[in-house]
Amino acid sequence: MPNGAQILIEGLVDAGVEVCFAHPGTSAAHIVAALDDVPRMRPVLCLVEGVATGAADGYARIAEKPACTLLHRGAGLANGLVHLHNARRAGTPVVNIVGDHAPRHHRLDAPLESDITSLARTVSGWTRRTYQVTELAGDVAEAVAAAYGPPGAVATLVVPADVSSSEADKSSGTGRGEVAEFLQEGPRSRTGAVSSAAVAAAAEVLRSGEPAVLLLGGAATHGPGLHAAARVAAATGARLLCEPFPARLERGAGLPPVERLACGTADAFVQLADVRHLLLAGATTPAAFAAYPDQHGRQVPAGRLIPDGCEVRSLAEGREDVTAALEALAGAFDPPRPVPQKSPRRPGRPTGELTAESAAAAIGALLPEGAIVVDESNTAGLWLPDATAGAPPHDWLTLTGGAIGQGLPAAVGAALAAPDRPVLALEADGSAMHTPQALWTMAREELDVTVVVFDNRSYSALGLELMSTGADPHGERAADLLELSRPDLDFVGLARSLGVPAEQATTAEEFTALLNRALAEPGPYLVDCDVPRAGV
């Protein structure tokens, strides 16, 4: 007779959830034991909850199906909230399993007692606590369905210890009926119908001849959605832009070129200066990263990245199928015209001084076909988009929610989702220190991840943010809070202590050689890229 833990794991794998990123505790003891009874689930140990949740996000962005996490009570969930926030912003499907006390223990106010449900709701689109083992199978099926969405979401299921350990009698079954019903329905079939009125209105706008931009997000930045958007642009002359922080952007030679909308108000206004119509395809109305003081003399609603005179219209949002909407819009313009493609173009291998710019050139020169780039390079990454635009086709994952420390865990998840593809994690030094434990998981799982740490010994991005808000970052105490020194960080020593081979590069030639070797060899490798601090 199965217990609740076995029903939980069997229900997840029957619904296609096959990887569990775990940082378990006492409350999940029976769930841990059940992993031996259900070998179809692959458990991956993470040394901290933030690695588990960030890895689940990276996995689902590439696999296009959810992984699950296994966390320990409210404290464990709290440690993982930061990257569940990023997953929520990305619309990533994640099934979040959180163990808890048995109900009889709550009244004792034990040390790990907390309000798990309230914490979960800050990042979850669906939250439930299972009270009876007979309810667990149905709750699992609903959690997976809620994670798929649409839109994709974090679904958190709280499973008390007594539910995990309780046995289910024969009449309760194992939940295969609920899971089978979910699989038969399929996640795509629950997508909301395309609005024919929205498609017709968008077509009318594009036929007007006034300057227009298609702003892409979600499924419109890769796969069939991207190609449908490119057909629209080819037929109408509309420009393609995508959100400032796309969850997954397909790019490179032979693919439709898509520029990212800047997240700063002044730069975004330059990009949209002459645009009269902004059509949202899977994207939301763009907003600045923060409520910066108006330093540009423009009369616009605070924080919006839209200039005066630009009309915003939605083609597809929320539950609507943005790919189908773009395909319908493309079909309104006949005959189809050739779609522009990015020409193959690589920078030469750099020589001389190692800077963020020369490092970007080396990455563009060496980026392998089919690579997955997880980009958390921050200020050091300003030169990367242009340097890699003409490289062989690849996927680009960004920091969707702005909560730093996502890059290394997301690289773990992406590598597990696509073990036949090279993964390149581009990390700022300050961000890397939020989740360095991910390196240990890379080593343990023998993942093909090349990590580049842009080591400028400072929080350069924060210095620029202070300036954007009108604050002065140059005062003695303020400047000291932006310096990563006294002592300097030793990324080579840190990586090696966690099982990842590592070397430091101080010249462009050294960096190019190390990056070339790291990309060619299987398994993880870290290159410490010693670059000057960005000017502040």
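Below is a short write-up of the structure. What you see is a predicted model; the values in this text were computed from it and never measured.

1. Observations regarding the overall build of the chain
Then comes step 1: Helix and strand counts for the chain stand at 22 helices and 18 strands.
Then comes step 2: Here the C-alpha radius of gyration of the chain, 24 Å, is about what a compact globule of 536 residues would show, namely 24 Å.
Then comes step 3: Taken over the C-alpha atoms alone, the chain extends approximately 65 × 60 × 45 Å along its principal axes.
Then comes step 4: Residues classed as buried in the chain amount to 55% of the 536 residues present.
Then comes step 5: A sequence separation of at least 24 residues applies to 79% of the contacts in the chain between residues at least 6 apart.
Then comes step 6: Approximately 21,700 Å² of the chain is accessible, and the part contributed by carbon and sulfur atoms is 51%.
Then comes step 7: Each charge class in the chain was averaged separately, 40 positive and 63 negative side chains, and the resulting centres sit 3 Å apart.

2. Let's talk about the nonpolar core
Then comes step 1: Judged by nonpolar contacts, the single largest core of 60 residues is most densely connected at Leu216, Leu326, Leu329, Leu426, Phe454 and Phe511.
Then comes step 2: Within the second largest apolar cluster, 51 residues are counted, among which are Val154, Val374, Leu397 and Leu498.

3. Regarding helix α3 (residues 49–63)
Then comes step 1: Taking 1.5 Å of rise per residue, 15 residues should cover 21 Å, and α3 covers 21 Å from first to last C-alpha, within 8% of that figure.
Then comes step 2: The buried fraction of α3 is high, at 14 of 15 residues.
Then comes step 3: Downstream of α3 by a residue or two, Glu64 has a phi angle that is positive, lying close to 60°.

4. Some details on the packing of helix α1 (residues 4–14) against helix α2 (residues 29–37)
Then comes step 1: Closest axis-to-axis distance for the α1/α2 pair is 8 Å, and the angle between their directions is 60°. Our classification of the angle between α1 and α2 gives oblique. Viewed along their axes, α1 and α2 form a crossing whose handedness is right-handed. The residues of α2 that touch α1, namely those facing Ala5, Gln6, Leu8 and Ile9, are His30, Ile31, Ala34, Leu35 and Asp37.
Then comes step 2: Looking at the contact of α1 with α2 residue by residue, the classes come out as 6 nonpolar, 2 polar and 1 charged.

5. Considering the packing of α1 against helix α7 (residues 133–148)
Then comes step 1: Between α1 and α7, whose axes approach to 9 Å, the crossing angle comes to 25°. By the angle between their directions, the pair α1 and α7 is classed as roughly parallel. The handedness of the crossing between α1 and α7 is right-handed. Residues Gly4, Ile7, Leu8, Gly11 and Leu12 of α1 form the contact with α7, whose own contacting residues are Val133, Leu136, Ala137, Val140 and Val144.
Then comes step 2: Tallied by class, the residues present in the contact of α1 with α7 amount to 8 nonpolar, 2 polar and no charged.

6. Considering the pattern of salt bridges
Then comes step 1: Inspection of every chain in the model, using the stated rule, returns 15 salt bridges.
Then comes step 2: Close ionic contact of Arg42 with Glu445 constitutes a salt bridge, the shortest N to O distance being 2.7 Å. In this pair, Arg42 is assigned in strand β2 (residues 42–45) and Glu445 in helix α18 (residues 438–445), connecting sequence segments 403 residues apart.
Then comes step 3: Under the relative-accessibility criterion, Arg42 is labelled partly exposed at 38%.
Then comes step 4: Here Glu445 falls in the buried class, since its relative accessible area comes to 17%.
Then comes step 5: Connected via shared salt-bridge partners are Glu64, Arg248, Asp395 and Arg421.

7. Considering the sheet that holds strand β4 (residues 94–100)
Then comes step 1: The sheet built from 6 strands is open, its strands ordered β2-β1-β3-β4-β6-β5 with parallel pairing. What marks the edges here is a single partner per strand, and that holds for β2 and β5 (126–129). With direction set aside, neighbouring strand axes in the sheet form an average angle of 20°.
Then comes step 2: With 3 bridges joining them, strand β1 (residues 19–22) and strand β3 (residues 67–72) adopt parallel strand pairing. Bridge assignment links Phe21 to a residue of β3, and that residue is Thr69.

Here is what the cut-offs are and how they apply
Residues numbered from 1 in each chain as written. Predicted model: local features only at pLDDT ≥ 70, side-chain atom pairs only at ≥ 80, totals over all residues. Heavy atoms only, no water. Helix = DSSP H or I, 4+ residues; strand = E, 2+ residues; numbered from the N terminus. Rg over C-alpha atoms; globule rule 2.2 N^0.38 Å. Buried < 20%, exposed > 50% of the residue type's maximum accessible area, 1.4 Å probe, protein only. Contact = heavy atoms within 4.5 Å. Areas by Shrake-Rupley, 256 points an atom, 1.4 Å probe, with all protein chains shown as cover. Lys, Arg positive; Asp, Glu negative; His and termini not counted. Charge placed at Lys NZ, Arg CZ, Asp CG, Glu CD. Core = buried A, V, L, I, M, F, W, Y, C linked by side-chain atoms within 4.5 Å. Expected span 1.5 Å × (residues − 1). Axes fitted to C-alpha atoms, helices over the stretch in contact; angles between N-to-C directions. Parallel < 35°, antiparallel > 145°, perpendicular 65-115°, else oblique. Left-handed = near helix turned anticlockwise from the far one by under 90°. Nonpolar A, V, L, I, M, F, W, Y, C, P; charged D, E, K, R; others polar. Salt bridge = Lys/Arg side-chain N within 4 Å of Asp/Glu carboxyl O. Pairing = 2+ DSSP bridges.

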